[in-house]
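Here is what each chain is made of, one letter per residue.
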Amino acid sequence: MAISPGDPLRLLTWQYFGEELRRLREGSGLTQAELAALVYVSASYIAQFEAGRRKPKADVADRLDEVLKTGGTFSRFVQKLITNQPVFAPHVMSFLDLEQEAEGAYVYESNRIPGILQTRRYAEALFHAYRPYATNDDEEIADLTERRMERGDLLGPPHHLRLWAVLQETALRVPVGGAEAMHEQLLHLIDQIHSKRAVIQVLPISVGATSVMLDSFTILRFRDLPPVLHTEALCNGITRDEGEVLEEAFEVYAQLRSAALSPDASLEYIESLTQGSPDSARQRE
């Protein structure tokens, strides 16, 4: 079982890593500077490793094992605490696990396309927006994007998750990734509708005030279990299954569906946004 990034046990384990490194280094009669020279890092790095304030990369852990003759102990530490960790935060992982088991999902999104309906270019652009200092070939973003693409597979066989999404008009108009990427994303939504993989309704800005003005949310329905409500904030997510909470959530969702354009009118609206070439859309930006 992986130790989640927010688990206090994780910090204690890195402190133990540092204590063991110091014990083995001193047992070998090496100073921090001497060990650093042997594993090709600075002495300050070794000091930070030993204090539990910095985490070694896999290649450094391998060299520590070789120099200190640990039989691979440090490499296994790094493998367990870094390499094998899920790329998503723990609260996101719990939602994704639930999504895998659900037979129906009712989604409301206020300002972006739901993850399960995103194209690769759209998802990459979002992740880069969240991580503005990441390089174009950032491995973590590549991994996050791949996992997001896998979610779309839930809408087809053998799972056939039944998705109903109400999207605020804003989500369809913000050109995430630029004109071409957004054009591709809109075409993907149209394809999902035509192939009966999703029902999508657009909530026009002109509707004005609605039951939900800020928060996006998802209701997951299961075959043999009670439904759950999932909402996300910046750094955490909340999953609720109390009967009164779900009753209110379904009522709010019914209001949103009632205020939104019909599925047929929503399809026409999305199709209207794809008229013209991406080049002409870029000129309007």
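Here, every reference points to the structure presented above.
I will try to describe carefully the structure that is included in this document. Values in this document were obtained by computation on a predicted structure and should not be read as measured data.

1. Observations concerning the side chain of Arg 25
1) Next: Position of Arg 25 among the secondary structure elements: in helix H1 (residues 8-27).
2) Next: Not counting chain neighbours up to four residues away, the residues in contact with Arg 25 comprise Leu 30, Thr 31, Gln 32, Leu 35, Ile 46, Glu 50 and Leu 68.

2. Topic: unusual backbone geometry
1) Next: Put simply, Pro 157 and Pro 158 share a cis peptide bond, and its omega is 5°.
2) Next: Mapped onto the secondary structure, Pro 158 falls in the loop between helix H8 (139-152) and strand E2 (162-168).
3) Next: Despite not being glycine, Lys 69 has its phi angle at roughly 55°, a positive value.
4) Next: Assignment of secondary structure puts Lys 69 in the loop between helix H4 (58-68) and helix H5 (73-83).

3. With respect to the environment of Phe 217
1) Next: With respect to the helices and strands, the residue Phe 217 is situated in strand E4 (residues 217-221).
2) Next: Spatially, the C-alpha atom of Phe 217 lies 9.2 Å from that of Ser 110, the residues being 107 residues apart in sequence.

4. Topic: the pattern of salt bridges
1) Next: Under the defined criterion, the tally for this structure stands at 14 salt bridges.
2) Next: One salt bridge connects Arg 23 with Glu 20, and the closest N-O pair in it is separated by 3.0 Å. With Arg 23 and Glu 20 both in helix H1 and 3 residues apart, this pair spans about one turn of that helix.
3) Next: The exposure class of Arg 23 is partly exposed, given its relative accessible area of 48%.
4) Next: One salt bridge in this structure joins Glu 26 and Arg 25, with 3.9 Å as the shortest N-O distance.
5) Next: Relative accessible area serves as the criterion here: at 7%, Arg 25 is assigned to the buried category.
6) Next: Via salt bridges that share partners, Arg 22, Arg 25, Glu 26 and Glu 50 belong to a single interconnected network.

5. A word on the environment of Glu 150
1) Next: Inspection of the secondary structure assignment puts Glu 150 in helix H8.
2) Next: Spatially, the C-alpha atoms of Glu 150 and Ile 116 are 8.3 Å apart, while their sequence positions differ by 34 residues.

6. Focus on the packing of aromatic side chains
1) Next: According to the stated counting rule, one finds 8 aromatic pairs in the structure shown.
2) Next: Both rings, one in Tyr 108 and one in Phe 217, keep their centres 6.0 Å apart while their planes meet at 40°; by these two values the pair is tilted. Of this pair, Tyr 108 sits in strand E1 (residues 104-109) while Phe 217 is found in strand E4, placing the two residues 109 residues apart along the sequence. Phe 217 matches Tyr 108 in its accessibility class, with the two residues each being buried.
3) Next: Judged by centre distance (6.0 Å) and plane angle (75°), the ring pair of Phe 217 and Tyr 253 falls under edge-to-face. Of this pair, Phe 217 sits in strand E4 while Tyr 253 sits in helix H11 (residues 243-259), and the two are 36 residues apart along the sequence. An identical accessibility class is assigned to Phe 217 and Tyr 253; each is buried.
4) Next: Ring pairing ties together the aromatic residues Tyr 106, Tyr 108, Phe 217, Phe 250 and Tyr 253, which thus form one cluster.

The rules behind these values
- Residues numbered from 1 in each chain as written.
- Predicted model: local features only at pLDDT ≥ 70, side-chain atom pairs only at ≥ 80, totals over all residues.
- Heavy atoms only, no water.
- Helix = DSSP H or I, 4+ residues; strand = E, 2+ residues; numbered from the N terminus.
- Contact = heavy atoms within 4.5 Å.
- Salt bridge = Lys/Arg side-chain N within 4 Å of Asp/Glu carboxyl O.
- Buried < 20%, exposed > 50% of the residue type's maximum accessible area, 1.4 Å probe, protein only.
- Phe/Tyr/Trp six-rings, centres within 6.5 Å; stacked < 30°, edge-to-face > 60°.

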